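Below, each chain spelled out in residue letters.
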Amino acid sequence: MIATTSRSAPAAALTGSPPLPALLSRPYPAVMGVLNVTPDSFSDGGRFLAPERALAQARRMIAEGADIIDIGAESTRPYGDAEPVSVEEELQRLRPVLAEVASLGIPVSIDSMKPAVVAWALDAGAAIANDVWGLQRDPGMARLVAARRAPVIVMHNRDRAEPDIDIMRDIAAFFARSLEIAAKAGVSRENIVLDPGIGFGKTPEQSVTVLARLEELATFGLPLLVGASRKRFINSIVPSEPHQRLGGSIAAHLLAAEGGARIIRTHDVSETVQALRVAAAIGDQR
């Protein structure tokens, strides 16, 4: 569970080797730092919209030990009030930033549900596609990542939360559909990471359930990503604003790592790296 500042895996990515195998072969989760170049993301909307601030934040997260930088230019805030943007507007936010971040030495993932944006980002240096609709919103996404042989993060999502459903069964059925779509498009299973989508289309109680039962998703035989950072379910347990949820985020991520998560997506890289290292060191002495 120890996060690291080693750059062996990113160096491989820059020379054209697939980024996932090196990151996922280690005995601890990779840490993915969140970089939102948006005016309206739920936690840090507007803070990094200016290109110079976005680049400074990327450099800071890398110095703190991030293994991947996840760049998003359209808010996908999981509470149903995000403003959709056009392909061109999304690209306008990415053009001054993405290639510069990709040149810093670690893999970049592009957080977008639009194949046109993902295609541009892959051309500009991104190495991983991060689709919050799990290849199910736009049929072109699976074809694109298959053609590019790009790793893809397949996230569970729903248009709205339904408190009475069995959320684990829903996630399993969703992933089964996504994997069928991926297989038909020719996406290699070794390029797929599953993300249960903490906070997306879920009640706070369902998000807690997913974290508690994460090990059940091991039946898919694919690496798991968990992004519980600053999510609203923490507020349902301890009332807090997004910037006040560091403790809850770390607690959720440590338990996710114990439950099998191989990538942790976080706004707070330094603290998450430290928590994972200390937990791993203690675990090694048991």
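Here the structure is a predicted model, which is why all the values come from computation and not from measurement. (Residues numbered from 1 in each chain as written. Predicted model: local features only at pLDDT ≥ 70, side-chain atom pairs only at ≥ 80, totals over all residues. Heavy atoms only, no water.)

**Let's talk about the overall build of the protein**
Secondary structure assignment for the protein yields 12 helices and eight strands. Burial status across the protein gives 56% buried among its 286 residues. The contacts of the protein with a sequence gap of at least 6 include a subset with a gap of at least 24, amounting to 70%. (Helix = DSSP H or I, 4+ residues; strand = E, 2+ residues; numbered from the N terminus. Buried < 20%, exposed > 50% of the residue type's maximum accessible area, 1.4 Å probe, protein only. Contact = heavy atoms within 4.5 Å.)

**Topic: the pairing of strand 5 (residues 152–155)**
The side-chain alternation of strand 5 yields two buried faces, one formed by V152 and V154 and the other by I153 and M155. With three bridges joining them, strand 4 (residues 128–131) and strand 5 adopt parallel strand pairing. Looking across to strand 5, one finds that N130 is bridged to I153. Crossover strand 4 to strand 5 through helix 7 (residues 139–148) is right-handed. Between the parallel pair strand 5 and strand 6 (residues 192–195), the chain is carried across by helix 8 (residues 167–185), and the sense of this crossover is right-handed. (Pairing = 2+ DSSP bridges. Right-handed = clockwise from strand over helix to strand, strands pointing away.)

**Things to note about the confidence of the model for the protein**
The predicted model of the protein averages 91 in pLDDT, with 90% of residues at 70 or higher. In this model residues 1–15 is a low-confidence stretch, pLDDT under 50, and it forms 47 contacts with partners more than four residues away in sequence or in other chains. (pLDDT = per-residue confidence, 0-100.)

**What about the packing of aromatic side chains?**
A complete count under the given rule lists two aromatic pairs for this structure. When the centroid spacing of 6.3 Å and the interplanar angle of 70° are considered together, the rings of F174 and F175 count as edge-to-face. Take F174: its relative accessible area is 4%, and that puts it in the buried class. Residue F175 is classed as buried on the basis of its relative accessible area, which comes to 0%. Both rings, one in F175 and one in F220, keep their centres 5.7 Å apart while their planes meet at 85°; by these two values the pair is edge-to-face. Residue F175 is located in helix 8, and its partner F220 is located in the loop between helix 9 (204–212) and strand 7 (224–226); the two are separated by 45 residues in the primary sequence. F220 carries the same exposure label as F175, and that label is buried. Taken together, F174, F175 and F220 form an aromatic cluster joined through their ring pairs. The residue whose ring lies beneath R137 is W133, and the NZ or CZ to ring-centre distance is 3.9 Å. (Phe/Tyr/Trp six-rings, centres within 6.5 Å; stacked < 30°, edge-to-face > 60°. Lys NZ or Arg CZ within 6 Å of the ring centre and 35° of its normal.)

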